[in-house]
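Residue-level structure breakdown
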Amino acid sequence: MADTDDTPEPENLEPTSRMLSWARNSAIYRLERRMMTERQLRDAITRKAKEKFEDISVQQTKALGDFAVKFAYEIKALDDTAFAEITVRSGLRSGKSKRGLAQKLTIKGVDRQTAEAALDETNDLVAAVVFARKRAFGPYRRIELDEKRKNKELSAFARNGFSFEIGARVFAMTHEEAEDILYDAPL
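Since this is a predicted model, take the numbers as computed values, not measurements.

In this description, an aromatic ring pair is defined by two values, namely the gap between the centres and the angle between the planes. Tallied over the entire structure, the rule returns six aromatic pairs. Each ring, one from Trp 22 and one from Phe 53, has its centre 5.5 Å from the other, and the planes form 90 degrees; the classification is edge-to-face. Of this pair, Trp 22 sits in helix 1 (residues 17-33) while Phe 53 sits in the loop between helix 2 (38-52) and helix 3 (58-74), and the two are 31 residues apart along the sequence. Each member of the pair, Trp 22 as well as Phe 53, is classed as buried. Between Phe 157 and Phe 162, the ring centres sit 6.1 Å apart and the planes meet at 75 degrees, which makes this aromatic pair edge-to-face.

Written as structure tokens, this is what we have:
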């Protein structure tokens, strides 16, 4: 009679040196190409580790993600605060609302306090004027205003996270007022 043992084999808890080397190189590769948050890097490493290594345990994938994040901090290639500040400045220059930027930072994995600190200096009025300039709305409108166009413009402000008051204010501005706001803004 054959001895059948139904107990599962113990899972490997520690990643191999080959896995750690791969995680380090993969982190370097990703961070050379673009700035990432801690969560983005950890998620990317764990996702790719599952694809790359057969029979990798949950503990090993978690350990590889943690190792990659720790390594990135050691080489000073990972900084959620800098990521948030750069994202907010870039978003403001491209006409993104404070609400939209906060949502983007949350999705990227930036913690609430870091996001709030980065968003402190934002001005939705400036961002709304930039948005209006990009879309040729309000003071930058090139065509005749009718009721349909008015609704379209005000709806676009709302969809992009601007309050009704800010959207209506920019909508009613003159070209000179809008340019003065942009001139005085620290973009």
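The end-to-end C-alpha distance of helix 8 (residues 147-159) is 18 Å, a good match for the 18 Å that 13 residues give at a rise of 1.5 Å each. Inspection of helix 8 places Arg 149, Glu 153, Leu 154, Ala 156 and Phe 157 among the buried residues, and these make up the whole buried set. On an axial view of helix 8, the arc spanned by its buried residues comes to 155 degrees, and they lie on one face. Turned more than 90 degrees away from the buried face of helix 8 sit Glu 147, Lys 148 and Arg 159, all of them exposed. Elements in contact with the buried residues of helix 8: helix 7 (124-135) and helix 9 (164-172). Among the residues trailing helix 8, Gly 161 stands out with phi positive, at a value near 90 degrees.

For the rest of this paragraph, the subject is the packing of helix 7 against helix 9. Contact pair helix 7 / helix 9: the axes reach a minimum separation of 10 Å and the direction vectors enclose 50 degrees. When the axes of helix 7 and helix 9 are compared, the pair comes out oblique. Taken as a pair, helix 7 and helix 9 cross one another with a handedness that is right-handed. In this structure, helix 7 uses Asp 124, Leu 125, Ala 128, Val 129 and Ala 132 to contact helix 9, whose residues at the interface are Ile 166, Arg 169 and Val 170. Of the residues belonging to the contact of helix 7 with helix 9, the class tally is six nonpolar, no polar and two charged.

A separate point is the environment of Met 19. By secondary structure assignment, the location of Met 19 is in helix 1. For the pair Met 19 and Leu 64, spaced 45 residues apart in sequence, the C-alpha separation works out to 7.4 Å.

Turning next to the nonpolar core. Residues Val 129, Phe 157, Phe 162, Val 170 and Met 173 are the most contacted members of the largest nonpolar core, which totals 21 residues. Listing elements by their share of this core, those giving two or more residues are helix 7, helix 8, helix 9 and helix 10 (175-184). When residues in this core are grouped by element, the largest group, eight residues, is from helix 7. Once residues within four sequence positions are removed from consideration, Phe 157 is found in contact with Ala 128, Phe 131, Ala 132, Phe 137, Phe 162, Gly 167 and Val 170. Counting residues in each nonpolar core, the second largest holds 18 residues, with Leu 41, Ile 45, Ala 49 and Phe 53 among its members.

With that settled, consider the pattern of salt bridges. Scanning the model with the defined rule gives ten salt bridges in all. Across the salt bridge formed by Glu 51 and Lys 48, the nearest N and O atoms sit 3.4 Å from each other. Remark: Lys 48 and Glu 51 occur in helix 2; sequence separation between them is three residues, near one turn of the helix. Classification of Lys 48 by relative accessible area gives partly exposed; the value is 33%.

Each value, and the rule that gives it
- All residue numbers here refer to positions counted from 1 along the written sequence of the relevant chain.
- Under the rules for a predicted model, residues below a pLDDT of 70 receive no local features and side-chain atom pairs below 80 are neither given nor counted, while totals for whole chains, interfaces and linings still include all residues.
- By convention in this description, side-chain values take in all heavy atoms of the structure and omit both hydrogens and water.
- Note on aromatic contacts: the rings of Phe and Tyr and the six-membered ring of Trp form a pair at centre separations within 6.5 Å, being stacked when their planes are under 30 degrees apart, edge-to-face when over 60 apart, and tilted otherwise.
- Labels follow the DSSP assignment, with helices taken as runs of H or I lasting at least four residues and strands as runs of E lasting at least two, numbered in each case from the N terminus.
- Any residue under 20% of the maximum accessible area for its type is buried, any over 50% is exposed, and the rest in between are partly exposed; the area is computed with a 1.4 Å probe on protein chains only.
- To estimate the expected span of a helix, count its residues, drop one, and scale the result by 1.5 Å.
- This arc is taken over the directions from the axis of the helix to the C-beta atoms.
- Whether two residues touch is decided by their heavy atoms; if any such pair falls within 4.5 Å, the residues are in contact.
- Where helices are involved, their axes are fitted lines through C-alpha atoms of the stretch in contact, as for all axes, and angles between N-to-C directions lie from 0 to 180°.
- Any angle that is under 35 degrees is reported as roughly parallel, and any over 145 degrees as roughly antiparallel; angles of 65 to 115 degrees are reported as roughly perpendicular and all others as oblique.
- Should the near helix be turned counterclockwise from the far one by less than a right angle, the crossing is left-handed, whereas a clockwise turn marks it as right-handed.
- For this scheme, ten residues count as nonpolar: Ala, Val, Leu, Ile, Met, Phe, Trp, Tyr, Cys and Pro. Four count as charged, namely Asp, Glu, Lys and Arg, and the remainder, Gly too, count as polar.
- Grouping buried Ala, Val, Leu, Ile, Met, Phe, Trp, Tyr and Cys residues that are joined through side-chain atoms within 4.5 Å yields what is termed a nonpolar core.
- When a carboxyl oxygen of Asp or Glu is within 4 Å of a side-chain nitrogen of Lys or Arg, the pair counts as a salt bridge.

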